[in-house]
Amino acid sequence: MSKAITKESKVFLEKYLNNASPTGFESSGQKMWLEYIKPYIDDYMVDNYGTVVGVINPEAEYKVVIEAHADEIAWFVHYITDDGFIYVRRNGGSDHMIAPSKRVNIHTDKGTVKAVFGWPAIHTRHDKDPKPSLKNITLDCGCSTKEEVEELGVHVGCVVTFEDEFMILNKNRYVGRALDNRIGGFMIAQVARMIKESKTKLPFGLYIVNSVQEEIGLRGAQMIAHKIKPDVAIVTDVCHDTGTPLIDKKEHGDFKGGKGPVLTYGPAVQNNLLKLIIDAANEEKIAFQRQAASRATGTDTDAFAYSNEGVPSALISLPIRYMHTTVEMTHREDVEATISLIFAAVKKIKNKQDFRYFT
């Protein structure tokens, strides 16, 4: 039986998470992901903005999507002062509170420029203790003038990512920046691998979609949904592990790492598809948790569900701690369970009749 995570796939996971793929600049990570899945697919496509799609059975009329998003939150160089300090602007939901003292990479045409988010020493702040904000956090790349900064290749519009890299804590927690949601891209790639290794024959075309620009409004999914025109979409993203300090379960729900993937109930989630996924989980004895979305899920599920003439869609989420920080953390067993659940759900899909709203 094909394993959800292998020794070889774990090597890819570390390499993939450590690579920078900021929103709008995902190309290096997308190339890496495509090279990984090529042995497991029959064809692929890349759209105008960089969403990559691996296809199994491309000749099939009936189309099923499994999807994750590839982009990570980042910063843009916004303003360079005369004395060489750099003010930034968000690219996605970047957190100004965690920026002080962080090391970063500024991506330029001349290569990567190292810099740090500086912050005044505690001894100098006294009673006027400022809170980090976009008005006062600055990058320092060791220059004394604007001209020096520009000589390094840095200009307004250069994208900036944190430097933090992947690690494993206590043998069972994966930690890194951009688990949201390159861990999703890793998981759907494993599903493609498992289909190939298990010699599973699918009665439909499977489109393994790694979308761009989710962090700024689901843009990549919107574009690719109209290009593929799928009949079904299973989306995977992350949600909050609310078993951590400072998170109110009454507001955000009760989900804990190690207890399985989270299935969402909400208007964008098609009930028959959700039932199929729950049945798959029960048949395979895969533990799962439940979440309710008030209106939108806030994920690419919404983009697929409301595309074209309406696409039966569902969301399988991976609980993570410390979302939108550089130490996003998830439980290894949840990753394995999510891969196994997507694989099991895909194998249960037969035809369009599965998802009629009612008969």
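Conventions and cut-offs
- Residues numbered from 1 in each chain as written.
- Predicted model: local features only at pLDDT ≥ 70, side-chain atom pairs only at ≥ 80, totals over all residues.
- Heavy atoms only, no water.
- Helix = DSSP H or I, 4+ residues; strand = E, 2+ residues; numbered from the N terminus.
- Rg over C-alpha atoms; globule rule 2.2 N^0.38 Å.
- Contact = heavy atoms within 4.5 Å.
- Areas by Shrake-Rupley, 256 points an atom, 1.4 Å probe, with all protein chains shown as cover.
- Lys, Arg positive; Asp, Glu negative; His and termini not counted.
- Charge placed at Lys NZ, Arg CZ, Asp CG, Glu CD.
- Phe/Tyr/Trp six-rings, centres within 6.5 Å; stacked < 30°, edge-to-face > 60°.
- Buried < 20%, exposed > 50% of the residue type's maximum accessible area, 1.4 Å probe, protein only.
- Lys NZ or Arg CZ within 6 Å of the ring centre and 35° of its normal.
- Axes fitted to C-alpha atoms, helices over the stretch in contact; angles between N-to-C directions.
- Parallel < 35°, antiparallel > 145°, perpendicular 65-115°, else oblique.
- Left-handed = near helix turned anticlockwise from the far one by under 90°.
- Nonpolar A, V, L, I, M, F, W, Y, C, P; charged D, E, K, R; others polar.
- Salt bridge = Lys/Arg side-chain N within 4 Å of Asp/Glu carboxyl O.
- Core = buried A, V, L, I, M, F, W, Y, C linked by side-chain atoms within 4.5 Å.

So, on to the overall build of the protein chain. Scanning the protein chain from N- to C-terminus turns up 10 helices and 17 strands. In terms of C-alpha radius of gyration, the protein chain reaches 21 Å, essentially the compact-globule figure of 21 Å for 359 residues. With respect to the principal axes defined by its C-alpha atoms, the protein chain has extents near 70 × 40 × 40 Å. In the protein chain, the share of contacts with a sequence separation of at least 24, taken over all contacts with a separation of at least 6, comes to 75%. Carbon and sulfur atoms make up 51% of the accessible area of the protein chain, which totals about 16800 Å². Treating the 44 positive side-chain charges of the protein chain as one cloud and the 47 negative ones as another, the clouds have centres 5 Å apart.

It is worth spelling out the packing of aromatic side chains at this point. The tally for this structure, following the rule as stated, stands at 11 aromatic pairs. Measuring from centroid to centroid gives 5.9 Å for Tyr36 and Tyr40, while their planes differ by 65°, and the two rings are edge-to-face. Assessed through its relative accessible area of 17%, Tyr40 is described here as buried. Seen in terms of ring centroids, Trp75 and Phe162 are 6.4 Å apart; in terms of plane orientation they differ by 90°. Their pairing is edge-to-face. Of this pair, Trp75 sits in strand β4 (residues 74-80) while Phe162 sits in strand β9 (residues 159-162), placing them 87 residues apart in sequence. In this structure Phe162 comes out as buried when scored by relative accessible area, which is 10%. What links up through ring pairs into an aromatic cluster is the set Phe12, Tyr16, Tyr36, Tyr40 and Phe186. Cation over ring: Arg182 sits above Tyr16, and NZ or CZ is 5.7 Å from the ring centre.

In the contact formed by helix α2 (residues 27-37) and helix α5 (residues 179-197), the axes pass within 10 Å of each other and the chain directions differ by 20°. Taken together, the axis directions place α2 and α5 in an arrangement best described as roughly parallel. At the point where α2 passes α5, the crossing takes the right-handed sense. Taking contact as the criterion, the partners of Trp33, Tyr36 and Ile37 in α2 are, on α5, Gly185, Ile188, Ala189, Gln190 and Arg193. Partitioning the contact of α2 with α5 into residue classes produces 5 nonpolar, 2 polar and 1 charged.

Further remarks concern the pattern of salt bridges. The final tally for this structure, using the stated rule, is 14 salt bridges. Glu163 serves as the salt-bridge partner of Lys114, at 2.6 Å between the closest nitrogen and oxygen. Within this pair, whereas Lys114 is found in strand β7 (residues 111-118), its partner Glu163 is found in the loop between β9 and β10 (167-169), the two being separated by 49 residues in sequence. Among the salt bridges present, the one from Arg193 reaches Glu197, with a minimum N-O distance of 2.9 Å. With a gap of 4 residues between them, Arg193 and Glu197 both fall in helix α5, about one helical turn apart. Linked by salt bridges that have partners in common, Glu72, Arg177 and Arg182 make up one network.

It is worth spelling out the nonpolar core at this point. Ranked by internal contacts, the top residues of the largest apolar core, which has 65 residues, are Leu206 and Ile277. Discounting residues that sit within four places of it in the chain, Ile277 has contacts with Ile234, Leu263, Ala314, Ile316, Leu341 and Ala345. With 20 residues, the next largest nonpolar core counts Ile80, Cys143, Val149 and Cys158 among its residues.

Note on placement: Asn181 falls in helix α5. You can call Asn181 buried: its relative accessible area is 0%. Every residue in contact with Asn181, bar those within four places of it in the chain, is listed here: Ala68, His69, Asp71, Thr236, Asp237 and Val238.

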